[in-house]
Amino acid sequence: MLEIKGLKVDLEDEDKTILKGVDLTVEAGKVHAIMGPNGSGKSTLSYVLSGRDGYEVTCGTATLEGEDILGMEPEERAAAGLFLAFQYPVEIPGVGNMTFMRTALNAQRKARGQDEISAADFLKLVREKAATLEMSNDMLKRPVNVGFSGGEKKRNEILQMAVLEPKMCILDETDSGLDVDAMKLVSQGVNALRDAGRGFLVITHYQRLLDHIKPDVVHIMSDGRIVKTGGPELALEVEKNGYADIKAEVA
Amino acid sequence: MALPQAKQDATEARLAALSLPDASGWTKAPREDALARLRAAGLPHRRDEYWKFTRPDTLVDAEVPKAAVFESDETQVFDDVDRLSIVFRDGVFDAEASDDLSLEGVKIDRLAEAGKADIHWAKDLYGTLETNGQTPVARPLATLNTAAATDGVLIHVTGKASKPINLIYHHESETSDAILHHVIKLDAGAELTVLENGPAAARFNKVMEVDVADTAAFNHVRTQGRDHERRAVTHIFARLGRESAFKSFTMTANGVLTRNECVIELTGDDAIAHVAGACVGDGDFHHDDTVFITHDAENCESRQVFKKVLRNGATGVFQGKILVKEGAQKTDGYQISQSLLLDGDSEFLAKPELEIYADDVACSHGSTSGAIDEEALFYLRARGVPKSIATDLLTLAFLAEAVEEIEDEGLRDGIVERLEGWLVRRRG
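Below is a short write-up of the structure. Since the model is a prediction, treat every value here as computed from it, not as a measurement.

The rules behind the values
- Residues numbered from 1 in each chain as written.
- Chains lettered and ligands numbered in written order.
- Predicted model: local features only at pLDDT ≥ 70, side-chain atom pairs only at ≥ 80, totals over all residues.
- Heavy atoms only, no water.
- Axes fitted to C-alpha atoms, helices over the stretch in contact; angles between N-to-C directions.
- Helix = DSSP H or I, 4+ residues; strand = E, 2+ residues; numbered from the N terminus.
- Parallel < 35°, antiparallel > 145°, perpendicular 65-115°, else oblique.
- Left-handed = near helix turned anticlockwise from the far one by under 90°.
- Contact = heavy atoms within 4.5 Å.
- Nonpolar A, V, L, I, M, F, W, Y, C, P; charged D, E, K, R; others polar.
- Phe/Tyr/Trp six-rings, centres within 6.5 Å; stacked < 30°, edge-to-face > 60°.
- Lys NZ or Arg CZ within 6 Å of the ring centre and 35° of its normal.
- Polar contact = N/O pair within 3.5 Å; in protein donor to acceptor, adjacent residues only side chain to side chain.

**Digging into the packing of helix α7 (residues 374-382) of chain B against helix α8 (residues 387-403) of chain B**
Residue and element names in this part refer to chain B.
Then, number 1: Put simply, α7 and α8 touch, their axes get as near as 9 Å, and they point 130 degrees apart. Taken together, the axes of α7 and α8 are oblique relative to one another. Here α7 and α8 pass one another in a crossing that is right-handed. Listed contacts from α8 to Ala376, Leu377, Leu380 and Arg381 of α7 are Lys387, Ala390, Thr391, Leu393 and Leu394.
Then, number 2: Here the contact of α7 with α8 is built from residues that sort into 6 nonpolar, 1 polar and 2 charged.

Written out as structure tokens, the structure reads:
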């Protein structure tokens with residue numbers, strides 16, 4: 001599904017290398033987790049994959065179902081099936097949540113040569129998905145993320161994911177700012193989307209999210225590289241011993 | 001202080017180029033008075049403080065700068081509204097295209113004809129609010145208008161008007177120089193909505209005096225047309241009685257030069273005045289909103305909400321003042337003026353002012369100028385919305401606070417549609 005090879009990335013405005021050669025393959029139907037200390041490059045990886053400005057790829061490739069995504073505009077990557085659940089979802093005053101999601105869905109459908117979804121069908125779709133995330137009508141009507149609590153913003157991210165049905169989902173520290181109840185809701189939302197045709201890359205600092213979203217593979221990232229890969233037990237090891245041991249072991 | 005020679009010359013040259021209307025009956029006195037006041041004040045000069053951000057030259061010149069007529073097969077913005085239409089072509093009344101000037105609860109006359117009547121209700125109002133509005137800042141182009149207006153409508157509202165009055169201004173000659181003066185009087189408890197649209201003329205000078213009596217409500221929604229080369233200077237002078245309401249919204253798209261002045265005096269307690277504007281300019285576009293609101297009664301509320309979208313070197317100006325007089329306690333004054341600069345060539349100049357002589361008031365003002373929010377733009381694009389559409393969505397969102405000042409949903413939707421159309425036509 002998602003294949004990253006030898007990816008090296010610099011910050012555009014500073015002479016600083018963040019990713020120093022990342023190799024990673026996420027297969028369809030699998031959930032991969034990336035854990036790592038602050039500053040290891042986890043979020044940078046998610047931004048580079050989604051096409052945010054400010055980064056320069058100096059080396060390596062990233063493909064989605066064999067297609068090179070690094071040369072694409074952010075909207076083209078989205079239409080190709082890539083989705084990033086933001087660590088800090090953006091508030092957009094003046095743009096209604098429903099208008100936003102419908103515009104996004106129809107733009108993606110148009111880019112893929114599909115017909116636009118009707119207003120009635122869209123409403124039905126959103127209501128159904130919102131119900132499972134316990135999102136009120138009011139939250140759907142309000143401007144995008146405006147006045148939402150941290151947990152509501154994250155639920156809104158998962159709602160967009162459910163509505164847009166991407167092939168490859170990247171979750172960037174979706175657990176940050178969530179209380180236990182919100183974490184459960186968000187995890188349920190993610191788990192409901194697990195499917196043989198869909199890949200997940202879950203970026204997290206803590207193991208606790210992985211209690212709810214059970215990964216198939218866990219990677220440890222440190223200083224711009226993936227330094228260790230293992231099964232779910234690797235996450236537990238980090239939880240118990242911290243990152244220092246692994247860093248020492250790799251060094 | 002004697003008028004500088006240059007001003008005196010410019011004023012006389014302008015007057016000489018005008019054919020002053022034959023003032024008969026009751027209009028004679030206010031017109032003559034205006035002429036004398038104009039000669040004393042002189043027309044604006046670019047060194048005048050009040051014209052610091054906008055060069056008045058082409059609004060003052062004796063000769064009209066040519067303005068090409070913009071051909072469009074688009075329907076007019078208020079065509080779907082059930083309304084009474086009054087049509088002017090280059091400032092000349094078109095009886096054929098207008099509806100009968102009769103509406104329940106409303107008495108409508110034309111200025112050009114009302115002068116013949118010896119006594120007319122407008123006698124006490126024509127030029128009066130304009131004169132009041134000359135202090136503390138002179139507005140000589142409005143005085144010129146009172147002296148020289150060739151026509152206009154005089155609207156006396158005694159009850160709740162059954163439908164809006166739509167003043168439609170067509171522009172057909174590339175050298176037209178139209179001067180119209182409307183007077184609107186709302187009796188206690190009366191209600192009226194006035195709609196205005198169209199580019200009007202190559203150069204348009206319009207004054208609207210609105211007297212809103214106790215508990216009356218006046219609504220105003222206007223669009224200033226798409227013609228790129230047109231010029232306009234407009235003034236609204238409004239006086240508000242107790243518990244009355246005045247709400248005005250203007251959308252401006254294109255126009256090489258527009259100066260919209262709005263002068264409101266809250267004279268009765270518990271009155272509200274809202275004035276808002278959304279303008280979109282591309283290239284050779286200069287738009288100036290100049291607002292002066294005087295609170296002279298207790299517990300009144302005023303709001304000014306102005307948003308400007310500027311691209312390709314367009315210029316936006318905002319001069320807004322809230323003056324709270326002694327004794328105008330519990331005043332609630334709000335003023336915001338913002339511009340969205342879509343490129344580095346465009347410019348926004350703002351001069352927000354508060355002057356307060358009462359001690360128990362809440363007044364706030366803010367003015368900002370900025371580019372599209374890159375974070376929001378990326379968020380939209382990351383969800384699959386192409387950059388051009390995402391930019392338009394954010395631009396409309398920026399304008400929304402001003403557009404939401406229009407209370408009527410149908411009118412509001414109509415304006416949003418126009419703004420959207422303007423943006424879509426400019427998509428890369």
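From this point on, the discussion continues.
**Brief notes about the packing of aromatic side chains**
Then, number 1: Applying the stated criterion across every chain, the model contains 10 aromatic pairs over all chains.
Then, number 2: An aromatic cluster is built from A:Phe86, A:Phe100, B:Phe378 and B:Tyr379, whose rings are joined through pairwise contacts.
Then, number 3: Just above the ring of A:Tyr47 sits the side chain of A:Arg52; from NZ or CZ to the centre is 4.4 Å.
Then, number 4: Across from the ring centre of B:Phe398, 4.7 Å away, lies the NZ or CZ of B:Lys307, which sits over that ring.

**Description of the environment of A:Glu91**
All names here are of chain A.
Then, number 1: Turning to its location among the elements, Glu91 is positioned in the loop between β6 (82-85) and β7 (92-96).
Then, number 2: Residues Glu91 and Lys153 lie 62 residues apart in sequence; the distance between their C-alpha atoms is 9.0 Å.
Then, number 3: When residues no more than four places from it in sequence are discounted, the contact partners of Glu91 are Val144, Asn145, Val146, Gly147 and Lys153.
Then, number 4: For Glu91, the side chain forms a polar contact with the side chain of Lys153, separated by 3.0 Å.

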